[in-house]
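The lines below spell out each chain.
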Amino acid sequence: MIERLAHSFGALSRPLGSLAQSLGTLARPLEGLTHLLFPQVCVVCRKTLTAPEQQLCSACLTDFAPFPNPLAGGQAVIRSVNSHFGLGAIPSAAWSLYPYRSNGALHDALHAMKYEGLFPLGRLFGRWLGELVQSAGGAGEVEAIVPVPLHPLKRIERSYNQSEAIASGMAEVLDLPVVEDSIERSAYTGSQTGLGITERRKNMAGVFRPVTRNSHRISGRVVLVDDVLTTGATMVAAASALKEAGVDEVAFAVVAVTEEKE
Ligand SMILES: [Zn+2]
């Protein structure tokens, strides 16, 4: 009986197989239909995207105006951190895609990434950052990518941490793990916008601390990731906590950096 049943199932599986095949053939036009019903639009100008555009249309992308070469963004990051915090060991290396501007397509895209929970956009910026690191000669012997943590309450308020999205895209390209439990944000800080450097530094003192209960300790070299570096106060504070956690070297990777006037 069981044998006969198995035989019947075998006979049934063949037409089922061809049904699956037909469904597969059907899936392609369905994809087109989904695109027609729910077209992908540019997060900045809302224009319908055409392949291979993702998240952003080519016109908005052109307006982003990246740094002229793979090393220039990192130099701008180091210049900014040094001008506010003096010559120190932090960061050991740096990378950035764009000079930050307070208006225009880049500003709108970064704002949407931060406040509209657009994980795919964050991951896309992260992949571009990863490619930039590769074309700048690679990150060297790196143990992990660490996103700048948000305070747990702010993470609930915003629904996600844009730095984690950027870190995931970078990690994908560089084939490195993302470690999110080495440091935590222990104080709820309001927006830093409009604060001077002294207030920012005061605001950030003791904001991050190493997580002692974390599952795996990291040492060696890590890449700390954030969306925008303005004065570096947040990243310098997070890097100090990473060093307290046992990390030797911290490199900085940010999508955009506010340039210091020379
Ligand atoms: Zn656009």
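Per an unreviewed UniProt entry, the chain goes by Phosphoribosyltransferase and derives from Chlorobaculum parvum. Per UniProt, the chain carries the Sequence similarities (unreviewed entry) text "Belongs to the ComF/GntX family."

Draft legend 1. Examining the overall build of the chain more closely. A count of helices and strands for the chain gives nine helices and six strands. Counting every position in the chain, which comprises 262 residues, the buried fraction comes to 37%. Sequence-distant contacts, at least 24 apart, represent 76% of the contacts inside the chain between residues at least 6 apart.

Draft legend 2. Up close: the environment of Val-178. Looking at the secondary structure, you find Val-178 in the loop between helix 7 (162–174) and strand 3 (183–185). Taking the number of C-beta atoms within 10 Å as the measure of exposure, Val-178 has 18 and is therefore partly exposed. Through-space distance from the C-alpha of Val-178 to that of Glu-143 is 9.2 Å; in sequence the pair is 35 residues apart. With near-sequence residues (within four places) excluded, Val-178 lies in contact with Ala-144, Ile-145, Pro-147, Ala-167, Ser-168 and Ala-171.

Draft legend 3. Spotlight on the nonpolar core. Leu-129, Leu-224, Val-225, Ala-238, Leu-242 and Ala-253 are the most contacted members of the largest nonpolar core, which totals 69 residues. If near-sequence neighbours (up to four positions away) are discounted, Leu-224 is found in contact with Val-146, Val-148, Met-235, Ala-238, Ala-239, Leu-242, Val-250 and Phe-252.

Draft legend 4. Inspection of the pairing of strand 5 (residues 221–229) at higher detail. Of all nine residues making up strand 5, seven are buried, and the element is well covered by its neighbours. Of the strand pairs in this sheet, strand 5 and strand 6 (residues 249–257) are connected by eight bridges, and their pairing is parallel. Residue pairing across strands places Val-223 opposite Ala-251, the latter belonging to strand 6. After leaving strand 5, the chain enters helix 9 (residues 233–244) and then returns to the sheet as strand 6, a path that is right-handed.

Draft legend 5. Quick peek at the pairing of strand 6. Of all nine residues making up strand 6, nine are buried, and the element is well covered by its neighbours. Pairing between strand 1 (residues 94–99) and strand 6: five bridges, direction parallel. Bridge pairing links Tyr-98 to Ala-256 in strand 6.

Draft legend 6. Region of the structure containing the confidence of the model for the chain. Summary statistics for the chain give a mean pLDDT of 84 and a share of 78% for residues scoring 70 or more. Looking across the chain, the model is least confident in helix 1 (residues 2–37), with a mean pLDDT of 49, and most confident in strand 1, with 98. When the criterion is pLDDT under 50, residues 1–24 qualifies, and its contacts beyond four places in sequence or with other chains add up to zero contacts.

Draft legend 7. Region of interest: the environment of Val-133. Relative to the assigned elements, Val-133 resides in helix 5 (residues 119–135). Here Val-133 falls in the buried class, since 23 other C-beta atoms lie within 10 Å of it. Counting along the chain gives 36 residues from Val-133 to Leu-97, while the straight-line C-alpha distance between them is 9.6 Å.

Draft legend 8. Quick peek at helix 3 (residues 72–85). Taking 1.5 Å of rise per residue, the 14 residues of helix 3 would be expected to cover 20 Å, and the 20 Å separating its terminal C-alpha atoms lies within 8% of that figure. Restricting attention to buried positions, one finds in helix 3 the residues Gly-73, Gly-74, Ala-76, Val-77, Ile-78, Ser-80 and Val-81. Structurally, helix 3 contributes buried residues whose contacts are with strand 1, strand 5, helix 9 and strand 6.

Draft legend 9. The sheet that holds strand 6, seen in detail. Here four strands make up an open sheet; going across it, the order is 1-6-5-2 and the pairing parallel. Only two strands of the sheet have a single partner each, and these edge strands are strand 1 and strand 2 (144–147). Recorded for the sheet is a direction-independent mean angle of 20° between the axes of neighbouring strands. Here helix 3 sits on the sheet in contact with strand 1, strand 5 and strand 6, set at roughly 100° to strand 1. Strands strand 1, strand 5 and strand 6 of the sheet are contacted by helix 4 (residues 105–115), whose axis makes an angle of about 115° with strand 5.

Draft legend 10. Summary view of the packing of helix 4 against helix 5. In the contact formed by helix 4 and helix 5, the axes pass within 8 Å of each other and the chain directions differ by 125°. With respect to helix 5, the axis of helix 4 lies oblique. Of the two possible hands of crossing, helix 4 and helix 5 adopt the one that is left-handed. Residue-level contacts link Ala-109, Ala-112 and Met-113 of helix 4 to Leu-121, Gly-122 and Phe-125 of helix 5. A class-by-class count of the residues in the contact of helix 4 with helix 5 yields five nonpolar, one polar and no charged.

Conventions used here
- Residues numbered from 1 in each chain as written.
- Predicted model: local features only at pLDDT ≥ 70, side-chain atom pairs only at ≥ 80, totals over all residues.
- UniProt positions renumbered as here; feature names shortened; annotations may be inferred.
- Helix = DSSP H or I, 4+ residues; strand = E, 2+ residues; numbered from the N terminus.
- Buried ≥ 20, exposed ≤ 12 C-beta atoms within 10 Å, placed from the backbone.
- Contact = placed C-beta atoms within 7 Å.
- Core = buried A, V, L, I, M, F, W, Y, C linked by C-beta atoms within 7 Å.
- Pairing = 2+ DSSP bridges.
- Right-handed = clockwise from strand over helix to strand, strands pointing away.
- pLDDT = per-residue confidence, 0-100.
- Expected span 1.5 Å × (residues − 1).
- Axes fitted to C-alpha atoms, helices over the stretch in contact; angles between N-to-C directions.
- Parallel < 35°, antiparallel > 145°, perpendicular 65-115°, else oblique.
- Left-handed = near helix turned anticlockwise from the far one by under 90°.
- Nonpolar A, V, L, I, M, F, W, Y, C, P; charged D, E, K, R; others polar.

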